[in-house]
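# Inside the fold
The chain contents come next:
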Amino acid sequence: MYDGYFRKIEYLRFSITDRCNFFCRYCRTKEVCEIENKELSKDEIFRVISVFKKLGINKLRFTGGEPFLRDDIFDIIEFADSIGIKNINVTTNGYLDGEKIGKIAKSSLSSINISLDTLDRQKYKVLTGVDGLSEVISTIKSLSRFKKVKINTVLLRSVNFDEIEHLISFAKENNVVIRFIELMPVGIANRIFESEFVSIAEVLKRFRNVREIESSENSVAKYYHIEDFDHIVGFINAVSGHFCDRCDKVRVSSRGILYNCLFDRIGLDLKEYLNDEDILIEKIQEFVKKKRFTRNPTTDTMMFKMGG
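Each chain has its residues counted from 1, following the order in which its sequence is written. In view of the model being predicted, local features appear only for residues whose pLDDT reaches at least 70, and side-chain atom pairs are presented and counted only at 80 or more, with totals across whole chains, interfaces and linings using the full set of residues. Derived side-chain values reflect all non-hydrogen atoms in the structure, with water molecules and hydrogen atoms excluded from consideration.

## Some points on the sheet that holds strand S9 (residues 231–236)
To keep it simple, the criterion reads: When DSSP finds two or more bridges between two strands, those strands count as paired. Every helix listed is a DSSP run of H or I at least four residues long, and every strand listed is a run of E at least two residues long, numbered separately from the N terminus.
If you trace the 12 strands from one edge of the open sheet to the other, you get S7-S8-S9-S6-S5-S4-S3-S2-S1-S10-S11-S12, paired in mixed fashion. Single-partner strands in this sheet number two, and they are strand S7 (210–213) and strand S12 (268–269). Of the pairings in the sheet, the one linking strand S5 (residues 148–154) to strand S6 (residues 177–181) comprises 5 bridges and is parallel in character. Looking across to S6, one finds that Lys150 is bridged to Val177.

What follows is the structure, given as structure tokens:
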């Protein structure tokens, strides 16, 4: 499937729930959360995944909210694998119990991205609303023995700008890749963007010997070998140097709305066409053709509703 600029679309980010047990200050607050649950059913999710597989999607990432709050998450993962999607990934806050960790280890997931913005217990509690740092660290240590684990760290000037070296050391000690991500002006993050934004360039200046690593995959991250730590670190400059020209992804929200971009405000409601696969395929193709070449500078859409 191609968009109107002949970019090949082969990556689907699917937010399967907007529920979360965390309230990270750049993502969601209690006042913006709706009580009514309108997320897609398991069967509806199966239909959406099946159609995108037929349209050429070969990489799938489940996001949220927190995807592991769904009781049927492992059924969904295994369904995607059963129809031939082999690059299946998930992004989680990592606040998981032993049973879920065991199931993840045995699952067909290719990789796990775990959010970790600080190694300071008190700062973690203030940032997320949950005193859960030790559990998340335990999840990282456990899963890194079985799966490819990446740590996602959103750069926040008042939270972790003084922890960057510590976070890289932690990643190296646990044999995982850490990726530093620029704060994006999305949803409630707009409230803190001006005071908290840190650019990737500002971080790279802290290190003496940095060498970019060539990557064969179409990744939004640039990877560097940092000699100070003898470790490879990823950086995602989503604001200071965005990557729209090579974008290969679309997004589906937990309510079944297809978006061409995280920064889009208008989407296509897939639920209206789920009972007729041929029409659904046609509508998706028509909508993807309208994908813009460059994104909007900001959006008031909530990150957890779209699945960042």
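## Focus on a negative patch on the surface
Formally: Each patch is built from residues that are more than 30% exposed by relative accessible area and take part in no salt bridge. Like charges join if they lie within 9 Å; nonpolar side chains (Val, Leu, Ile, Met, Phe, Trp, Tyr) join within 5 Å. Calculation of accessible area relied on Shrake-Rupley with a 1.4 Å probe; when residues are assessed, cover is drawn exclusively from the protein chains displayed. When a carboxyl oxygen of Asp or Glu is within 4 Å of a side-chain nitrogen of Lys or Arg, the pair counts as a salt bridge. Residues scored as positive are Lys and Arg, those scored as negative are Asp and Glu, and His as well as the terminal groups of each chain are ignored. By convention, the point assigned to a charge is CZ for Arg, NZ for Lys, CD for Glu and CG for Asp.
Together, Asp276, Asp278, Glu282 and Glu286 make up a negatively charged patch on the protein surface. Relative to the helices and strands, Asp278 resides in helix H9 (residues 277–288).

## Some remarks on the environment of Ser115
Under the convention used in this document: Relative accessibility thresholds used throughout: buried, under 20% of the residue-type maximum; exposed, over 50%; partly exposed, between the two (1.4 Å probe, protein chains only). Pairs of residues are marked as contacts when any of their non-hydrogen atoms sit within 4.5 Å.
Looking at the element boundaries, Ser115 is found in strand S4 (residues 111–115). Looking at Ser115, the relative accessible area reads 25%, which means it is partly exposed. It is 24 Å that separates the C-alpha atoms of Ser115 and Val210, two residues lying 95 residues apart in sequence. Setting aside anything within four residues of it in sequence, one finds Ser115 in contact with Thr92, Asn93, Val136 and Asn152.

## Looking at the pattern of salt bridges
Going through the model one piece at a time under the given rule, you end up with 17 salt bridges. Residue Lys8 pairs with Glu10 through a salt bridge whose shortest N-O separation is 4.0 Å. The exposure class of Lys8 is partly exposed, given its relative accessible area of 43%. Judged by its relative accessible area of 22%, Glu10 is partly exposed. Residues Arg255 and Asp18 are paired through a salt bridge, measuring 3.8 Å at the closest nitrogen-oxygen approach.

## A look at unusual backbone geometry
Geometrically, the link from Gly64 to Gly65 is a cis peptide bond, its omega value of 15° lying close to zero. Tracing the chain through its elements places Gly65 in the loop between strand S2 (59–63) and helix H2 (73–82). Not every positive phi belongs to a glycine, and Phe6 is a case in point at roughly 65°. Along the chain, Phe6 turns up in the segment before strand S1 (11–15). Residue classification places Phe6 among the exposed residues on the basis of a relative accessible area of 69%. One non-glycine residue, Asp230, adopts positive backbone phi at about 50°. On the secondary structure map, Asp230 appears in the loop between strand S8 (222–226) and S9.

## Re the nonpolar core
What counts, and what does not: By nonpolar core is meant a set of buried Ala, Val, Leu, Ile, Met, Phe, Trp, Tyr and Cys residues that side-chain atoms within 4.5 Å join together.
Of all hydrophobic cores here, the largest spans 89 residues; its most connected members are Phe14 and Phe52. Discounting chain neighbours no more than four positions away, the residues touching Phe14 are Leu40, Ile45, Val48, Ile49, Leu60, Arg61, Phe62, Thr63, Val252 and Ser253. Among the nonpolar cores identified, the runner-up in size contains 11 residues, and Met184, Val186, Phe243 and Phe263 belong to it.

## Some details on the pairing of S2
Within S2, 4 of the 5 residues are buried, leaving the element largely enclosed by the surrounding structure. Bridge count between S1 and S2: 5 bridges; the pairing is parallel. When the sheet's bridge partners are listed, Arg13 is paired in S2 with Arg61. In terms of strand pairing, S2 meets strand S3 (residues 87–92) through 4 bridges, oriented parallel. Bridge assignment links Leu60 to a residue of S3, and that residue is Ile88.

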